[in-house]
Amino acid sequence: FRTVRYSALVASLDTVLKLSAKKKQKLMTLRHHSLTSRVYSCIRDCKYDVGIKILQSLLEDGVPRQRELLSLLAYCFYQEEDYLRSSEIYEELLEMCPSSE
């Protein structure tokens, strides 16, 4: 069983390595869209801690610190009553987008 799984993993990795940069970017975009959908589900279900973990993993993966992502992250921290982190992110958002409401 392990040999089969390992072989499948190696084959998958080999396929990914052969992909062009454009195709790799498409796969990453699809992954991020899927994770964003999961974040909204977490918010709907009041699982803010899970939403925070997903959003932080996106940032660790190198996703740019965009307004939408940071806004969701700040909201989740606020709902978890982590007001310090929430306010830090909201301050960052104000610096990024001073004219936004």
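As a convention, each chain's residues are numbered from 1 in the sequence order in which they are written. With the structure being a predicted model, the display of local features is reserved for residues of pLDDT at least 70 and the display and counting of side-chain atom pairs for 80 or more, all residues being used for whole-chain, interface and lining totals. Note that water and hydrogens are dropped before the side-chain values are worked out from all heavy atoms of the structure.

Engineer: With reference to specific residues and values, describe the packing of aromatic side chains.
Structural biologist: Between 30 and 60 degrees the pair is tilted, below 30 it is stacked and above 60 it is edge-to-face, where a pair is any two Phe, Tyr or Trp rings, Trp via its six-membered ring, whose centres lie within 6.5 Å. This model, assessed by the stated rule, comprises two aromatic pairs. A ring pair is formed by Tyr-48 and Tyr-75, whose centres lie 6.1 Å apart and whose planes are at 75°; its orientation type is edge-to-face. Of this pair, Tyr-48 sits in helix α3 (residues 48–60) while Tyr-75 sits in helix α4 (residues 67–79), and the two are 27 residues apart along the sequence. Ring plane angle 65° and centroid distance 5.3 Å describe the contact between Tyr-78 and Tyr-83, whose orientation is recorded as edge-to-face. Only DSSP runs of H or I with at least four residues qualify as helices, and only runs of E with at least two residues qualify as strands; both kinds are numbered from the N terminus onward.

Engineer: Outline the packing of α4 against helix α5 (residues 83–96), supporting the account with residue identities and numerical values.
Structural biologist: Close contact between α4 and α5 brings their axes to 8 Å; oriented N to C, the two are set at 155°. In this view, α4 runs roughly antiparallel relative to α5, as classed from their interaxial angle. In this structure, α4 meets α5 at a crossing whose hand is left-handed. Side by side, α4 and α5 meet where Arg-67, Leu-70, Ser-71, Leu-73, Ala-74, Tyr-75, Phe-77 and Tyr-78 of the first sit next to Tyr-83, Arg-85, Ser-86, Ile-89, Tyr-90, Glu-92, Leu-93 and Met-96 of the second. Per-class residue counts for the contact of α4 with α5 are 11 nonpolar, two polar and three charged. Between N-to-C directions, angles span 0 to 180 degrees; the directions come from axes that are lines fitted to C-alpha atoms, helices contributing only their stretch in contact. These descriptions rest on fixed angle ranges, namely under 35 degrees for roughly parallel, over 145 for roughly antiparallel, 65 to 115 for roughly perpendicular, and the rest for oblique. Crossings are assigned a handedness: left-handed for a near helix turned anticlockwise from the far helix by less than a right angle, right-handed for a clockwise turn. Contacts are assigned to residue pairs that have any heavy atoms within 4.5 Å of one another. The nonpolar class holds Ala, Val, Leu, Ile, Met, Phe, Trp, Tyr, Cys and Pro. Asp, Glu, Lys and Arg form the charged class, and all remaining residues, Gly among them, are polar.

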